[in-house]
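# Observations on the model geometry
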Amino acid sequence: MAKEVTKRSENYSQWYNDLVMKADLAEQSPVRGCMVIKPYGYAIWEKMQSVLDAAFKKSGVQNAYFPLFIPKSFFSREAEHVAGFAKECAVVTHHRLMNDPDGKGVVVDPEAKLEEELIVRPTSETIIWSTYKNWITSWRDLPILCNQWCNVVRWEMRTRLSLRTAEFLWQEGHTAHATAEDAAAKAEEMVQVYADFARNTMALPVIVGHKSPNERFAGALDTLTIEAMMQDGKALQAGTSHFLGQNFAKSFDVQYTNKEGKQEYVWATSWGVSTRLMGALIMAHGDDNGLVLPPAIAPIQVVMVPIYKTDEEHNAILDKMYELKKGLEAEGHSVKIDDRDTLRPGFKFAEWELKGVPVRFAMGPRDLQNGTVEVARRDTLTKETVALEGIEKTIADLLDDIQKTIYQKAFDFRASNVEKCDDWNEFKEKIQTGKFLLCHWDGTAETEQKIKDETKATIRCIPVDSFVCEEEGVDIYSGKPSRQRVVFAISY
RNA sequence: CGGGAUGUAGCGCAGUUGGUAGCGCACUACGUUCGGGACGUAGGGGUCGUCCGUUCGAGUCGGAUCAUCCCGACCA
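Presented here is an overview of the structure given in this document. (Residues numbered from 1 in each chain as written. Chains lettered and ligands numbered in written order. Predicted model: local features only at pLDDT ≥ 70, side-chain atom pairs only at ≥ 80, totals over all residues. Heavy atoms only, no water.)

Before going further, it helps to examine the overall build of chain A. Counting its secondary structure elements, chain A contains 13 helices and 26 strands. In terms of overall size, chain A behaves like a compact globule, its C-alpha atoms giving a radius of gyration of 26 Å where 492 residues would be expected to give roughly 23 Å. Among the 492 residues that make up chain A, the fraction classed as buried is 53%. Counting only carbon and sulfur atoms, one obtains 50% of the accessible surface of chain A, whose full area is about 22400 Å². Each charge class in chain A was averaged separately, 60 positive and 73 negative side chains, and the resulting centres sit 2 Å apart. (Helix = DSSP H or I, 4+ residues; strand = E, 2+ residues; numbered from the N terminus. Rg over C-alpha atoms; globule rule 2.2 N^0.38 Å. Buried < 20%, exposed > 50% of the residue type's maximum accessible area, 1.4 Å probe, protein only. Areas by Shrake-Rupley, 256 points an atom, 1.4 Å probe, with all protein chains shown as cover. Lys, Arg positive; Asp, Glu negative; His and termini not counted. Charge placed at Lys NZ, Arg CZ, Asp CG, Glu CD.)

This is the structure:
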């Protein structure tokens, strides 16, 4: 139920948790480090899915589904990849329970030990590539462009609601191509799909770039990322797209016969975004009154709250509201009439604000008489009384404006917290205050590691669109020559 | 896995030198309210994380154990 949310200034972590739980998005599950996604939270996730799915289809991608359990032996094939996940896998060892012979409850039946353990997928590269082996024989079979929406499990040491749960929902795309160029282009294309989605739908300004070798996905030759800035100035990796080279094709022996009749290994990509995007949404746009949802992702765009004393008023207002709802829905907006008669208007206002609904209508006898409605917008917390005449157009424009305003606010916030930095002492100080620092880097893993050890800051990316800065300089830490600046930040 | 903390009603918490469990919110009923989180009255709800010990008696003391949270290391 709606309750006051901790102020951001008091404790950012607590504020975030309060928002997630009190806005009815999710709650901690009884299972360690997992979350229950509640219907309202899931509606946001579904909206994300539908927008992304449409974009994938446009890129020629098809949805498919692969098994949750992966035989342990599949993991023996790609050493580098496995090294990245081995420490955080859930393993199925038995297949039966029995009554505890010593008393109450159940125990694992020791007789039911599996001959080969099954790994609950931490990601599906291994099982998908074992499957692709059977699908690919000729150049005519390529490219294969598959995506799956599913859950994965990573037994993280430390978890955080939405941001790093032991089990999370995501989509993972896995493609196979005839040439390195095709695969690299696909990886590039998909990161741009994510960037468009983040910017236009989620109203998140993101930086697109390459990960440094240290931060790369296990087994990838190149990892592209979208990096967003949260309101405490920390970076959040919101999506990644990997160019996997021929690593997986070689490990799983996936070859095709080319036009010349020769056997060749295929080239691969994989790319994914997860329910972490919900975390990004909350931390990037939320305020002390609750969630602030961009209209493009809001499950409810307009909520209507009737204000009345008598049944007569109630009925008259509801009639008007249903009429308005019909008109707005015809324009493609999602509308909810909150006619719960057990709650007072003030309570409903607070509750819908907590849930981030972009536009709220309040209509009482006064409005009914004047042919007006009180329209409140969530992003600016302002309200005004507007005429019912031409309301469809007014609301369409307003939703557009809210979408833009939310983006602009996040954009301006980031702009005021990104700066160039060429002095190591200054770097150490500023990076702790929640800034993205554009610095020269000598390109070595050693330097990056040392900077991380001393400051906890990592290279978020080597930017490719916004913040590209190719210029001669010297590494901020080692003093060695550098040809471009990269983005340093402390991340989630 | 290191450092810190916490487990008492659905949630948030109090509980003194050991004496048999309470507050706020939420919930139920009735009434008055209703243009920014209403109020009154009356109710219901608990193996005090678990186990062992000390004691006439343990939420409280001792030990063990489990779980959760925060800060690190690891990661979408």
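Further notes follow.
With that out of the way, let us pick up the environment of phenylalanine 413. Topologically, phenylalanine 413 is positioned in helix 11 (residues 391-415). Separated by 360 residues in sequence, phenylalanine 413 and aspartate 53 place their C-alpha atoms 30 Å apart. Discounting residues that sit within four places of it in the chain, phenylalanine 413 has contacts with Met229, Met230, Gln231 and Gly233. (Contact = heavy atoms within 4.5 Å.)

What follows covers the packing of helix 1 (residues 12-22) against helix 7 (residues 276-285). Where helix 1 contacts helix 7, the axes come no closer than 10 Å and their chain directions differ by 115°. Seen from above, helix 1 lies across helix 7 with right-handed handedness. Residues Tyr12, Trp15, Tyr16, Leu19 and Val20 of helix 1 form the contact with helix 7, whose own contacting residues are Gly279, Ile282 and Met283. (Axes fitted to C-alpha atoms, helices over the stretch in contact; angles between N-to-C directions. Left-handed = near helix turned anticlockwise from the far one by under 90°.)

So, on to the side chain of histidine 440. In this fold, histidine 440 is placed in strand 23 (residues 436-440). What makes histidine 440 buried here is its relative accessible area of 3%. Of note is the side chain of histidine 440, whose polar atom sits 2.7 Å from the side chain of serine 482. Each residue touching histidine 440, except ones within four places of it in the same chain, is listed here: Asp422, Glu471, Glu472, Gly473, Val474, Asp475, Ile476, Ser482, Arg483, Gln484 and Arg485. (Polar contact = N/O pair within 3.5 Å; in protein donor to acceptor, adjacent residues only side chain to side chain.)

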